[in-house]
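# Structural overview
Read off the chains here:
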Amino acid sequence: MAKVIVVTSGKGGVGKTTTTAAIGAALAQRGERTVVIDFDVGLRNLDLVMGAERRVVYDFINVIQGDAKLPQALIRDKRLDNLFLLAASQTRDKDALTTEGVDDVMEQLKRYFDWIVCDSPAGIERGATLAMRHADAAVVVTNPEVSSVRDSDRIIGLLDAKTQKAERGERMEKHLLLTRYDVNRAERGDMLKVDDVLEILSIPLLGVIPESTDVLRASNLGTPVTLADPRSAPAMAYSEAVRRLAGEDVPVTMPGDKRGIFDKLFGRRAA
Ligand SMILES: Nc1ncnc2c1ncn2[C@@H]1O[C@H](COP(=O)(O)OP(=O)(O)OP(=O)(O)O)[C@@H](O)[C@H]1O
Ligand SMILES: [Mg+2]
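The structure contained in this document is the topic of the report that follows. Treat the numbers as computed from the prediction; the structure is a model and nothing was measured. (Residues numbered from 1 in each chain as written. Chains lettered and ligands numbered in written order. Predicted model: local features only at pLDDT ≥ 70, side-chain atom pairs only at ≥ 80, totals over all residues. Heavy atoms only, no water.)

### Overview of the overall build of the protein
As a reminder, the rule being used: Helix and strand definitions here come from DSSP, where helices need a minimum of 4 consecutive H or I residues and strands a minimum of 2 consecutive E residues; each element is numbered from the N-terminal end. Between the two quantities, the radius of gyration covers C-alpha atoms and the globule rule is 2.2 Å times the number of residues to the power 0.38. Exposure classes here rest on a 1.4 Å probe applied to the protein chains alone. A residue is buried below 20% of its type maximum, exposed above 50%, and partly exposed in between. A 1.4 Å probe and the Shrake-Rupley method give the accessible areas. Residues count as covered only by the protein chains that appear here.
Summing up its helical and strand segments, the protein has 14 helices and 8 strands in all. Scaling as 2.2 N^0.38, a compact globule of 271 residues should have a C-alpha radius of gyration of about 18 Å, and the protein matches this with 18 Å. Structurally, the protein occupies a C-alpha span of about 70 × 40 × 35 Å along its principal axes. Out of the 271 residues in the protein, the part that is buried amounts to 54%. Carbon and sulfur atoms form 47% of the exposed surface of the protein, whose accessible area is close to 13000 Å².

Now the structure itself:
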């Protein structure tokens, strides 16, 4: 049975699309049949991060409007055989994404895939609620700053109210993914610390992704960061988060821990 994940945040630009591509690729690397879906109508971006923008012929809206069958719109990843993308449309008409249309596409996808990863648009409007509607679990992407944490709190409220799970009286599984985390800035007090965010949101921690230029480099190559440079700090943090998402019991590595090991190995250099 397919597991549906929504990658959501409330606030824009916190790393949802980066995360969708990274965890989609990491799941596929584990041998799972995975599809990533872009719900950001008008602002499609996931195809770029996946390096598939030139291969989009039909998109999500074409399928909903009956212009294409679902298999025609599923783009197979060129690196991983069991990873697929359903791209968003560039139409300005956000109402083209209908509840019935989304329900129908999700039902079809659930028959073929192990994991369905939905990239939510920013905000708390229709697009975001449609992206979370079918989810079994939510990855709440949050940056360590007050406005992002506040918007994540609003999204958590929606996850408990506006989803099919909520309608059935079931509990939505929620995971906090702290992204763009900079240990030095957190230590200086310029950013919230992990514990501060956990205290405010009180949902379990899935992982902490460090701020890193490797993410931008991967995005410019059109390659999910977990594939572009698997040994990079953000790729390792994403892979670890995916192991946890898949139910493995692994402790969360904090970005600061690694620096600690590095310091211990090489000691402090004399000035
Ligand atoms: N860990 C990271 N380190 C450095 N840069 C990052 C990191 N994660 C994301 N970014 C950068 O932040 C920007 C926004 O990321 P992304 O597009 O994934 O966010 P989003 O939440 O999907 O945005 P939107 O709300 O507009 O859809 C991008 O330029 C991306 O490369
Ligand atoms: Mg996005």
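That shown, we press on.
### Regarding the nonpolar core
Buried together is how nonpolar side chains tend to be arranged in soluble globular proteins. The criterion, for reference: Joining through side-chain atoms within 4.5 Å is the link that ties buried Ala, Val, Leu, Ile, Met, Phe, Trp, Tyr and Cys residues into a set, and such a set is a nonpolar core. Contact criterion: two residues are considered in contact whenever any of their non-hydrogen atoms come within 4.5 Å of each other.
Membership of the largest hydrophobic core comes to 50 residues, with the highest contact counts inside it found for Ile37, Phe39, Phe60, Leu97, Leu109 and Ile116. Per element, the largest residue contribution to this core is 5 residues, and it comes from helix α7 (residues 146–159). The residues touching Ile116, leaving out its near neighbours within four places in the chain, are Ala2, Lys3, Val4, Ile5, Val35, Ile37, Met106, Leu109 and Lys110. In terms of nonpolar packing, the next biggest core, distinct from the first, is built from 37 residues, Ile5, Leu85, Val117 and Tyr238 among them.

### Notes on the side chain of Thr226
Quick reminder of the rule: Under this definition, polar contacts are N or O atom pairs within 3.5 Å; protein pairs additionally need one hydrogen-donor-capable and one acceptor-capable atom, and for neighbouring residues in sequence, both atoms have to be side-chain atoms.
Structurally, the position occupied by Thr226 is in helix α12 (residues 225–228). A polar contact is formed between the side chain of Thr226 and the backbone oxygen of Ala22, at a distance of 3.0 Å. Not counting residues within four places of it along the chain, the set of residues in contact with Thr226 comprises Ala22, Ala25, Ala26, Gln29, Ala235, Tyr238 and Ser239.

### Focus on the site of ligand 1
Quick reminder of the rule: The nearness test applies per residue and asks whether one of its heavy atoms lies within 4 Å of the molecule or strand. Cavity means a closed set of points on a 1 Å grid over the protein atoms alone, one where a 1.4 Å probe fits but cannot get out, pocket means an open set with protein on both sides within 12 Å along at least 5 of 7 lines, and lining means a residue has an atom within 4 Å of a point. Molecule-in-pocket calls rest on the fraction of atoms, with more than half required to lie within 2 Å of the cavity or pocket grid points.
Taken together, 16 residues are adjacent to ligand 1, and Gly13, Lys16, Thr17, Thr18 and Arg180 come closest. Between ligand 1 and the protein, one listed contact pairs an oxygen atom with a side-chain N or O atom of Thr18 at 2.6 Å. Within the contact set of ligand 1, a nitrogen atom lies 3.0 Å away from a backbone nitrogen or oxygen of Pro210. Protein contacts shield 81% of the accessible area of ligand 1, which totals 640 Å² for the unbound molecule. Put simply, ligand 1 lies in the largest pocket.

### Examining helix α1 (residues 16–29)
Condition: Expected span of a helix: the number of residues minus one, times 1.5 Å.
Taking 1.5 Å per residue, 14 residues should reach 20 Å; α1 reaches 20 Å between its end C-alpha atoms and fits that length. In the segment just after α1, Gly31 is the residue with positive phi, at about 90°.

### A look at the environment of Ser232
Mapping Ser232 onto the fold places it in the loop between α12 and α13 (233–245). Taking relative accessible area as the criterion, Ser232 reaches 5% and is therefore assigned buried. As a C-alpha pair, Ser232 and Ser212 span 20 residues in sequence and 8.9 Å in three-dimensional space. If sequence neighbours within four positions are ignored, Ser232 has contacts with Asp214 and Val225.

### Quick notes on the pattern of salt bridges
So the rule is basically this: Any carboxyl oxygen of Asp or Glu within 4 Å of a side-chain nitrogen of Lys or Arg constitutes a salt bridge here.
Here the structure, examined in full by the defined rule, presents 16 salt bridges. For Arg126, the salt bridge goes to Asp95, with nearest N and O atoms at 3.8 Å. Here Arg126 is found in helix α6 (residues 126–132), whereas its partner Asp95 is found in the loop between β4 (83–86) and α5 (99–112), with 31 residues between them in sequence. Owing to a relative accessible area of 53%, Asp95 belongs among the exposed residues under this scheme. A salt bridge links Glu170 to Arg168; the shortest N-O distance between them is 3.0 Å.

### Remarks on the environment of Asp190
Within the secondary structure, Asp190 is located in the loop between α9 (183–188) and α10 (194–201). Residue classification places Asp190 among the partly exposed positions, given a relative accessible area of 43%. Here the alpha-carbon distance between Asp190 and Glu145, two residues 45 residues apart in the chain, equals 8.7 Å. Of the polar contacts made by the side chain of Asp190, one reaches the side chain of Arg188; its length is 3.2 Å.

### Digging into the layout of surface pockets
Keep this limit in mind: Grid points are joined across faces, edges and corners, and a volume is the space filled by probe spheres set on the points.
Approximately 540 Å³ is the volume attributed to the largest pocket. Lining the largest pocket are 25 residues, and of these Gly13, Val14, Gly15, Lys16 and Thr18 sit closest to its centre. Residue assignment for the lining of the largest pocket shows that the elements contributing at least two residues are α1, β7 (173–181), β8 (205–210) and α11 (213–221).

### Section: the pairing of strand β5 (residues 115–119)
Where we set the bar: Strand pairing is defined by DSSP finding a minimum of two bridges between the two strands.
Of all 5 residues making up β5, 5 are buried, and the element is well covered by its neighbours. Judged by which residues are buried, β5 turns out to be covered on both faces: Trp115, Val117 and Asp119 on one side and Ile116 and Cys118 on the other are all buried. Bridging between strand β2 (residues 34–38) and β5 involves 5 bridges; their strand directions are parallel. Paired with Thr34 across the bridge in β5 is Trp115.

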